[in-house]
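Listed below, chain by chain, are the residues.
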Amino acid sequence: MPDASCDEVARIVTAWRRERPDLDVGPLEVLSRVSRLARHLDLARRATFASHDLETWGFDVLSALRRQGPPYRLSPGALLTETLVTSGTMTNRIDRLEEYGLVRRLPSPDDRRGVLVELTDTGRARVDAAMVTLLEAEHALLAGIPTDDVRALASLLQDVLAPFDQPEN
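These notes cover the structure that comes with them. Bear in mind the structure is a predicted one, so any value in this text is a computation, not a measurement.

The next point concerns helix H1 (residues 8-19). Turn by turn, an α-helix covers 3.6 residues, leaving residues three or four places apart pointing in a common direction. A rise of 1.5 Å per residue sets the reference length of H1, with its 12 residues, at 16 Å; its end C-alpha atoms lie 17 Å apart and thus fit the reference within 8%. Looking only at H1, the buried set comprises Val9, Ala10, Val13 and Thr14. End-on, the buried residues of H1 take up no more than an arc of 135°, which puts them together on one face. Exposed residues on H1 whose side chains face more than 90 degrees from its buried face are Arg18 and Glu19.

Take a look at the structure:
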């Protein structure tokens, strides 16, 4: 049984085990910590992106383009796949990023009616700088954990997420 003084999740689990010993509350030990960590990570990411005049959604779109390599272009449909949003939401995001000079729309060479979204030099500089700051913040979040443990945790989390990342049939 976890020491109730370790962290908030340990206190919650201890209380549930005392009050409902008939329940297996083991998943709370992992998933409640993941949930709490996600909140801390979200706050750290928002602060990081704000320091670069970006919102989380903007970083998502810009980084999807940046990861493509030169010429840093994707169709709006491919951006949908990369960022998991609806087409209306993506159109709005592209419009706003274009207003800020971070992306531009180009005619698709393969489809007269299609367009490609391209990262501008300003957008590339912004996302590159935000990525450096993000990694500094994320390294700080993991600073107290040995490197081998970080790798092991990454592998375990990959196993947990694998069923959710499978394409739907």
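This paragraph deals with the side chain of His52. Within the secondary structure, His52 is located in the loop between helix H2 (26-50) and helix H3 (56-66). Overall, the relative accessible area of 16% leaves His52 in the buried class. Not counting the four nearest positions on each side in its chain, His52 is found in contact with Arg126, Ala129, Ala130 and Thr133.

Packing of H2 against helix H6 (residues 121-141) leaves a shortest axis separation of 9 Å and a crossing angle of 150°. Classified by the interaxial angle, the pair formed by H2 and H6 is roughly antiparallel. Handedness of the H2/H6 crossing: right-handed. Counted together, Leu41, Ala44, Arg45, Thr48 and Phe49 of H2 and Ala130, Thr133, Leu134, Ala137, Glu138 and Leu141 of H6 form the full contact between these two elements. Of the residues in the contact of H2 with H6, the class split is seven nonpolar, two polar and two charged.

Rules behind the numbers
Residues numbered from 1 in each chain as written. Predicted model: local features only at pLDDT ≥ 70, side-chain atom pairs only at ≥ 80, totals over all residues. Heavy atoms only, no water. Helix = DSSP H or I, 4+ residues; strand = E, 2+ residues; numbered from the N terminus. Expected span 1.5 Å × (residues − 1). Buried < 20%, exposed > 50% of the residue type's maximum accessible area, 1.4 Å probe, protein only. Arc of directions from axis to C-beta. Contact = heavy atoms within 4.5 Å. Axes fitted to C-alpha atoms, helices over the stretch in contact; angles between N-to-C directions. Parallel < 35°, antiparallel > 145°, perpendicular 65-115°, else oblique. Left-handed = near helix turned anticlockwise from the far one by under 90°. Nonpolar A, V, L, I, M, F, W, Y, C, P; charged D, E, K, R; others polar.

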